Amino acid sequence: MSTFLAKSFETIVAYRPGEQLGDDYLKLNANESSQEPSPRVLEVLKNAQNLNYYNDPCQHKLRQKLADLHSLDKTNVIVGTGADDVLDLIFRTFFERGDKLAFPKVTYPFYKGYADTFGYDALEVPLTKDLRVDLSDYEKLPHAVIVVNPDAPTGFLKPLSAIKKLLVSNPERLVIVDEAYIDFGGDSQSAIPLVEEFSNLIVVRTFSKSRQLAGGRIGYAVACKELIKDMEDLKMTVNPFNVSLLQEEVALASLEDEFHFERHVKEIIENRDFLTSALRILGFKVLNSKTNFIYASSPVISGEELYEKLRERHILVRRYDIAEVKDYVRITIGTKQEMHRLVSEVDAILKEKDHVKSVNF
Ligand code: PMP
């Protein structure tokens, strides 16, 4: 720590994203895509021009395209450098030290890290016994709320009716719905169609998952135009050129290739179904996921041991050291071949423990 570090940051515990250990590891730990984005994206990168000029700080073209996608107006959309950047902008615009913010005890760790760093009064609401988020637990709270739909890391999809009930329960309270994984089968429950009706709703999306652009860093928020205007004003004041020309062009190219997008999503859903059934045959409890990952636990091996044994075999998965979910591992869905490799390694690990006979997948 340097002597210049601001006092309020002295106790920061830095967030550790999923490990990046080199190409000889199968990476199933960060909910990325193991396949390339649309060829149109790669084409745009090859032909990049105009980098000698500043980019459009308002991302007019991309915002219009996203507005068209969601049947909204450009003034309902703001773009950022990944969903994390958008969440950062939301927090900086609408929250200050001491403000109340509630989110589930087991969720995307970014929220807790952010709230602690900037001194919010954070409330971590326990999950139900079956690891679900019950939004009625939040209705009476005076706190702003973060809802992740589908949930991370469980993958459960919540009905839109529950989110609507939360919005109605207190129109004075801001509700942020993080839909990072909604494209993998959850779209019918998206809160985006509600943004014009509810002035206390912000929906966050990312290109990192379903559009295979985790390294491209593109995210966006959708909300009523007053909320977006507040965010836009703050962004223009502190970091107007945050989304580069390349990011905007890449995002546009991705949105122009819906065929590639739909084929990718379909493949992930098929591979998710395969992995879910295969692990269930091996005795795992696998939660019903509507995301590009599954959350699974075995009665015969601890989450920690499975994580370590897979790592020894050069497969990385994710695990959280939180009591309620310590025996679960989160596994990103990859190609069919990768899923077969994972299942046969898990099978071998269980056989080593001598509990399960080999199964032919
Ligand atoms: N929200 C959730 C629930 C996530 O899991 C993640 C990243 N894994 C993000 C937001 C951030 O996504 P991005 O890569 O767009 O910053």
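Residues numbered from 1 in each chain as written. Predicted model: local features only at pLDDT ≥ 70, side-chain atom pairs only at ≥ 80, totals over all residues. Heavy atoms only, no water.

The protein chain is annotated in an unreviewed UniProt entry as Histidinol-phosphate transaminase from Streptococcus ruminicola.

Engineer: Just give me the short version of the site of the ligand, but keep the residues and values in it.
Structural biologist: Taken together, 13 residues lie near the ligand, and Ala83, Asp178, Tyr181, Thr206 and Ser208 sit nearest. Separating an oxygen atom of the ligand from a backbone N or O atom of alanine 83 is a distance of 2.6 Å. Between the ligand and the protein, one listed contact pairs an oxygen atom with a side-chain N or O atom of serine 208 at 2.7 Å. Here the ligand is seated within the second largest pocket. (Near = heavy atom within 4 Å. Polar contact = N/O pair within 3.5 Å; in protein donor to acceptor, adjacent residues only side chain to side chain. 1 Å grid on protein atoms, 1.4 Å probe; cavity = no way out; pocket = protein on both sides within 12 Å on 5 of 7 lines; lining within 4 Å. Sits in = over half its atoms within 2 Å of the grid points.)

Engineer: Would you mind going over the layout of surface pockets in detail, with residue names and values included?
Structural biologist: One number sums up the size of the largest pocket: a volume of about 1100 Å³. Taken together, 33 residues form the lining of the largest pocket, with Ala14, Tyr15, Arg16, Pro109 and Arg318 sitting closest to its centre. Contributing elements (two or more residues each) for the lining of the largest pocket: strand S3 (100-104) and helix H4 (110-117). Top contributing element to the lining of the largest pocket by residue count: H4, with 6 residues. Classifying every residue of the lining of the largest pocket gives 16 nonpolar, 7 polar and 10 charged. (Points joined across faces, edges and corners; volume = space filled by probe spheres on them. Helix = DSSP H or I, 4+ residues; strand = E, 2+ residues; numbered from the N terminus. Nonpolar A, V, L, I, M, F, W, Y, C, P; charged D, E, K, R; others polar.)

Engineer: Give a description of unusual backbone geometry that names residues and reports values.
Structural biologist: Of note, the bond from asparagine 149 into proline 150 is cis; its omega dihedral lies within 30 degrees of zero at -5°. Within the chain, glutamine 212 stands out as a residue other than glycine whose phi angle is a positive 60°. Along the chain, glutamine 212 turns up in the loop between strand S7 (201-206) and strand S8 (219-223). Glutamine 212 gets classed as buried once you look at its relative accessible area, which sits at 8%. (Buried < 20%, exposed > 50% of the residue type's maximum accessible area, 1.4 Å probe, protein only.)

Engineer: Give a detailed account of the pairing of strand S2 (residues 77-80), specifying residues and quantitative values.
Structural biologist: Both faces of S2 are covered, namely the face carrying Val77 and Val79 and the face carrying Ile78 and Gly80. As paired elements, S2 and S8 share 4 bridges and run antiparallel to each other. Note that in S8 the partner of glycine 80 across the bridge is glycine 219. (Pairing = 2+ DSSP bridges.)

Engineer: Lay out the nonpolar core with the relevant residues and their values.
Structural biologist: Counting 48 residues, the largest nonpolar core has Tyr138 and Leu201 as its most contacted members. Contributions of two or more residues to this core are made by helix H2 (60-69), S2, strand S5 (144-148), helix H5 (160-169), strand S6 (175-178), S7, S8 and helix H7 (245-255). The element contributing the most residues to this core is H7, with 5 residues. When residues are assigned to domains, this core turns out to be shared by domain 1 (7-33 + 258-352) and domain 2 (39-255), each giving three or more. (Core = buried A, V, L, I, M, F, W, Y, C linked by side-chain atoms within 4.5 Å. Domains from an automatic or database assignment.)

Engineer: Before we move on, could you go through helix H10 (residues 336-352) and cite the residues and values that matter?
Structural biologist: Under the 1.5 Å per step criterion, the end-to-end length of H10 is 24 Å for 17 residues, consistent within 8% with the ideal 24 Å. Looking at the buried side of H10, the elements it contacts are strand S1 (26-27), helix H8 (258-281), helix H9 (303-312), strand S11 (315-316) and strand S12 (328-332). (Expected span 1.5 Å × (residues − 1). Contact = heavy atoms within 4.5 Å.)

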